[in-house]
Amino acid sequence: MSNTESLQHYNGLSVGDKLPEVIQAIDQTMIDAYADASGDINPLHIDPEFAKTTFFGRTIAHGLLTLAFVSRVLSKWNWNGWAYGGELNVAFLGPVYPGDTVRVSGEIEALEQRDDGVYARCQLVCHCADKAVVKGHAICKI
Amino acid sequence: MNDYVKYGSMNEGDNFLDPPPAFDVTENVVNKYIASTNDSTLELTGLNATGKRIAPPMLAAVYVIDALRTRVGPPGGIHAKQQFKFHRPAVIGETLFTSAVVLKMYERKGRNYVEMTTETKNQHGELITSGMITRIWGKES
């Protein structure tokens, strides 16, 4: 059976601490480059004429491109904890359009002592202006 | 064209990808991913303890989706939720195999949802990434 204990502070980190923000402007060139890199060439992302016929009315960025910015935040904050055992759980709430700027922010919402070390649970949200487009949390060993 | 996977053809517990498709982690794949996501993470510029260059953890978004794209649903599907657990980063030179199992199927507000668990292992069977994807299945014509 595993034991966990909630902490308020650990090793210079505290519940409520903010993670470093990433702010990334999105344009069609970036979306096209991600389509090429990922092989996801869904016309909704890269064909403006096709995208006009869809619910969105214009092209949208791949949701997983937005997650790449989330990963940049966590890599910068805690590379080892993120890359070796990190967990991510997010919901996609809305589209990101070319011309939008994505702001990824995060905050430590819990510190937990487990059998094999201390883990931080971080709340994450990606905004375009005031609208949340991705929301969720990550858990990493610290 | 109508060769997409029909919602009614799936069942909970099905192996969705059988056999699991292969994905080669190459220098080109990693470089293009890093450039397209504007990732300047320092650890991605060097080599790991075994002298191999590591890929960004979120390259999982490429190799998992690449595998799932071998069996697509009808157009109009939406990626609703994503979970990943990164056991360790993939390294250049590895070949990855992603398997997927249909975990849950349900209808909500007139839309069909599918939850699948995924597991990616390298050519030696080492676990690289596990996860869960929730997709809203596109409407079938």
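Presented here is a report on the structure given in the accompanying data block. (Residues numbered from 1 in each chain as written. Chains lettered and ligands numbered in written order. Predicted model: local features only at pLDDT ≥ 70, side-chain atom pairs only at ≥ 80, totals over all residues.)

Turning our eyes to something else, we now look at the environment of glycine 99 of chain A. Counting through the fold element by element, glycine 99 of chain A comes out in the loop between β5 (87-92) and β6 (101-114). The exposed category is assigned to glycine 99 of chain A, around which 11 C-beta atoms lie within 10 Å. (Helix = DSSP H or I, 4+ residues; strand = E, 2+ residues; numbered from the N terminus. Buried ≥ 20, exposed ≤ 12 C-beta atoms within 10 Å, placed from the backbone.)

Bringing the interface of chain B and chain A into the picture now. Reports often express the size of an interface as the amount of accessible area lost when the parts come together. Contact residues are listed per partner, giving 27 residues for chain B and 30 residues for chain A. Among the secondary structure elements, those contributing two or more residues to the side of chain B that touches chain A are α1 (27-37), α2 (60-68) and β2 (78-86) of chain B. Take the side of chain B that touches chain A: its biggest share by element is eight residues, from β2 of chain B. Its residues placed into classes, the side of chain B that touches chain A shows 12 nonpolar, eight polar and seven charged. Alignment of β5 of chain A against β2 of chain B, held across five bridges, turns out to be antiparallel. Within the sheet, the bridge partner assigned to glutamate 87 of chain A lies in β2 of chain B and is lysine 85 of chain B. (Contact = placed C-beta atoms within 7 Å. Nonpolar A, V, L, I, M, F, W, Y, C, P; charged D, E, K, R; others polar. Pairing = 2+ DSSP bridges.)

A few words on α2 of chain B. In terms of residue burial, α2 of chain B counts as a mostly covered element, since seven of its nine residues are buried. All of the buried residues in α2 of chain B are Ala60, Ala61, Val62, Tyr63, Val64, Ala67 and Leu68 of chain B.

This part covers the nonpolar core. Residues Val70 of chain A together with Leu59 and Ala61 of chain B are the most contacted members of the largest nonpolar core, which totals 65 residues. It is helix α4 (residues 63-83) of chain A that provides the largest number of residues to this core, a total of 11 residues. The contact partners of valine 70 of chain A, leaving out residues within four places of it in the chain, are Val104, Leu124, Cys126 and Val134 of chain A. (Core = buried A, V, L, I, M, F, W, Y, C linked by C-beta atoms within 7 Å.)

Let us look at the packing of helix α1 (residues 28-38) of chain A against α1 of chain B. The geometry of α1 of chain A relative to α1 of chain B is characterised by a closest axis approach of 9 Å and an angle of 160° between their N-to-C directions. One way to sum up the angle between α1 of chain A and α1 of chain B is to call them roughly antiparallel. Crossing of α1 of chain A over α1 of chain B shows left-handed handedness. Residue-level contacts link Met30, Ala33, Tyr34, Asp36 and Ala37 of chain A of α1 of chain A to Lys32, Tyr33, Ala35, Ser36 and Thr37 of chain B of α1 of chain B. Taken together, the residues that form the contact of α1 of chain A with α1 of chain B break down as six nonpolar, two polar and two charged. (Axes fitted to C-alpha atoms, helices over the stretch in contact; angles between N-to-C directions. Parallel < 35°, antiparallel > 145°, perpendicular 65-115°, else oblique. Left-handed = near helix turned anticlockwise from the far one by under 90°.)

Function-wise, these values are silent; they only describe arrangement.
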